[in-house]
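Survey of secondary and tertiary structure
Now for the letters of each chain:
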Amino acid sequence: MSRGTRGGGAHEDGAHEDGTYGGGVYEGGDRGASRNGAGNRTWSGTGNRARSGVGSGPADGAPRPHLSHRVPDLGALELLLAVARHGSLGAAAREVGITQPAASSRIRSMERQLGVALVDRSPRGSRLTDAGALVTDWARRIVEAAEAFDAGAQALRGRRDSRLRVAASMTIAEYLLPGWLIALRAERPDTAVSLQAGNSAAVAERLFAGDADVGFVEGLAVPDGLDGVVVAHDRLAVVAAPSHPWARRRAPLDPAELAATPLVLRERGSGTRQVLDAALAAHGGLARPLLELASTTAVKAAAVSGAGPAVLSELAITEELASRRLVAVPVEGVVLRRDLRAVWPTGHRPTGPARDLLSLTRDRPRER
């Protein structure tokens, strides 16, 4: 069993507040203490009841206690350094922003944890013991290393915060994200934003590849391997040019007629196509498309030109409906509604600018 000496009193090396001493537990108060020639008390081990392993560390094969249980935390080490600078426990407490009783308690806990006296207290102030001066030197190195660690972490956050890569399906990219990104610019003027637009399947691929920090999709559900949250709602509308016969009909389309008619459509993999395929699956499925185009803008232009009826997001056709370049065709018996979602790889919730963008999308009023 190792011995620890401190003026006016002693406690065993490795002592913890719960009574553990290194590899064992000390029981028995001051029994076993004796005076040495200098008048100090030392622990001889006689009269102490201890469980196996006291003072000798863990037995062979036994797990070694975690370092966090054996080394004081940074707050305690910073307090000790403040005591060394000021020579006063009260002044040190004020520097680190705690009360003097709390500072005294923290020093005592650290002494119990390390098993040595660190500070001698007197009416004239507080001074380090010889062991305290040595521990302070070690503490200074640890705190300096922690400061370097913190500076490195800040640099990583700064690099992360300097850019934001967004991947979004076409409708969201064209009609919702511009407003969200303008709002983000007001909050983070130094963040460079890049936007990659594609269909919902392409958005998922970019997230899986690490090429985007956050994505936005329009499909029926969150793609496998991604987490997400609904940020808005959307409805699909059947539209046609004023010259098309559907623009003049009074009775609503039924699902079977809609399914059997060749339409101008988005490509497979797009959120619009997914919703339409699912809605008409029970009615024979979609007929072969009249045209299959890779963007909302292209589908809209084809419909305006009279190429044929199309199915488009209501977000995309506000101006065309108002100017009568397109006419909305009523449909009954089928639900053409979808949720718009922000998505990210499972277990990796957005941080930094991506988190702020997500917050902006959810703070804005949603469509009903």
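Summary of the structure given here.

Helix and strand content of the protein chain: 13 helices and 16 strands. Classification of the 368 residues of the protein chain by burial places 41% in the buried group. Of the contacts formed within the protein chain by residues at least 6 apart in sequence, a portion of 70% connects residues at least 24 apart.

The subject of this paragraph is the packing of helix α2 (residues 74-86) against helix α4 (residues 100-114). Close contact between α2 and α4 brings their axes to 10 Å; oriented N to C, the two are set at 110°. Accordingly, the angle class assigned to the pair α2 and α4 is roughly perpendicular. Along the contact surface, α2 presents G75, A76, L77, L79 and L80, while α4 presents A103, R106, I107 and M110. Among the residues making up the contact of α2 with α4, the classes are represented as 7 nonpolar, 1 polar and 1 charged.

A few words on the side chain of T136. Looking at the secondary structure, you find T136 in helix α5 (residues 130-161). On the accessibility criterion, T136 (2% relative accessible area) is buried. With residues up to four places along the chain from it excluded, the contact list for T136 reads L80, L81, A84 and L128.

Further remarks concern the pairing of strand β11 (residues 226-240). Most of β11 sits inside the fold, with 11 of its 15 residues counted as buried. The pairing of β11 with strand β16 (residues 337-345) spans 9 bridges and is antiparallel. Bridge pairing in β16 places A232 opposite L340. Bridge count between β11 and strand β14 (residues 310-313): 4 bridges; the pairing is antiparallel. Bridge assignment links L236 to a residue of β14, and that residue is S313. Where β11 and strand β15 (residues 327-329) come together, 3 bridges link them in antiparallel fashion. Within the sheet, the bridge partner assigned to V238 lies in β15 and is V329.

To continue, consider a nonpolar patch on the surface. Taken together, the side chains of L67, V71, L74 and I142 define a hydrophobic patch exposed on the protein surface, amounting to about 320 Å² of accessible area. Locating L74 in the fold gives a position in helix α2. We classify L74 as partly exposed; its relative accessible area is 40%.

Before going further, it helps to examine the nonpolar core. Residues I172, L177, W180, F216 and L357 are the most contacted members of the largest nonpolar core, which totals 24 residues. Tallying contributions element by element places helix α7 (residues 177-187) first for this core, with 5 residues.

Looking now at the environment of L312. Structurally, L312 is set in strand β14. L312 gets classed as buried once you look at its relative accessible area, which sits at 2%. When the C-alpha positions of L312 and T171 are compared, they lie 9.1 Å apart, and in sequence the two are 141 residues distant. Dropping the residues within four chain positions of it, L312 is found in contact with R235, L236, A237, V239, T296, V299, K300 and I317.

This part covers the pattern of salt bridges. The full count for this structure, using the stated rule, is 18 salt bridges. Between R249 and E257 there is a salt bridge, and its shortest N-O distance comes to 3.0 Å. Residue class for R249 comes out partly exposed when judged on its relative accessible area of 26%. Across the salt bridge formed by D277 and R273, the nearest N and O atoms sit 3.7 Å from each other. Of this pair, D277 and R273 both sit in helix α10 (residues 271-280), 4 residues apart, which is roughly one turn of the helix. The partly exposed category is assigned to D277, whose relative accessible area is 25%. The network of salt bridges with shared partners includes R268, R273, D277 and E292.

What follows deals with the pairing of strand β8 (residues 163-169). Most of β8 is tucked away, with 6 of its 7 residues classed as buried. Both β8 and strand β10 (residues 214-217) contribute to a ladder of 3 bridges, which runs parallel. The partner of V166 across the bridge, within β10, is V214.

Let us look at a negative patch on the surface. Side chains of D73, E78, E144, E147 and D150 sit close together on the surface and give a patch of like negative charge. The element best represented in the negative patch is α5, accounting for 3 residues. If you trace the backbone, E78 turns up in helix α2. By relative accessible area, which is 41% here, E78 ends up partly exposed.

Here we take up the side chain of S126. As for its position among the elements, S126 is in strand β7 (residues 125-128). Under the relative-accessibility criterion, S126 is labelled buried at 11%. Apart from residues no more than four positions distant in its own chain, S126 is found in contact with V83, G87, S88, L89, V119, D120 and R121.

Cut-offs used in this document
- Residues numbered from 1 in each chain as written.
- Predicted model: local features only at pLDDT ≥ 70, side-chain atom pairs only at ≥ 80, totals over all residues.
- Heavy atoms only, no water.
- Helix = DSSP H or I, 4+ residues; strand = E, 2+ residues; numbered from the N terminus.
- Buried < 20%, exposed > 50% of the residue type's maximum accessible area, 1.4 Å probe, protein only.
- Contact = heavy atoms within 4.5 Å.
- Axes fitted to C-alpha atoms, helices over the stretch in contact; angles between N-to-C directions.
- Parallel < 35°, antiparallel > 145°, perpendicular 65-115°, else oblique.
- Nonpolar A, V, L, I, M, F, W, Y, C, P; charged D, E, K, R; others polar.
- Pairing = 2+ DSSP bridges.
- Patch = residues over 30% accessible without salt bridge, like charges linked within 9 Å, V, L, I, M, F, W, Y side chains within 5 Å.
- Areas by Shrake-Rupley, 256 points an atom, 1.4 Å probe, with all protein chains shown as cover.
- Salt bridge = Lys/Arg side-chain N within 4 Å of Asp/Glu carboxyl O.
- Core = buried A, V, L, I, M, F, W, Y, C linked by side-chain atoms within 4.5 Å.
- Lys, Arg positive; Asp, Glu negative; His and termini not counted.
- Charge placed at Lys NZ, Arg CZ, Asp CG, Glu CD.

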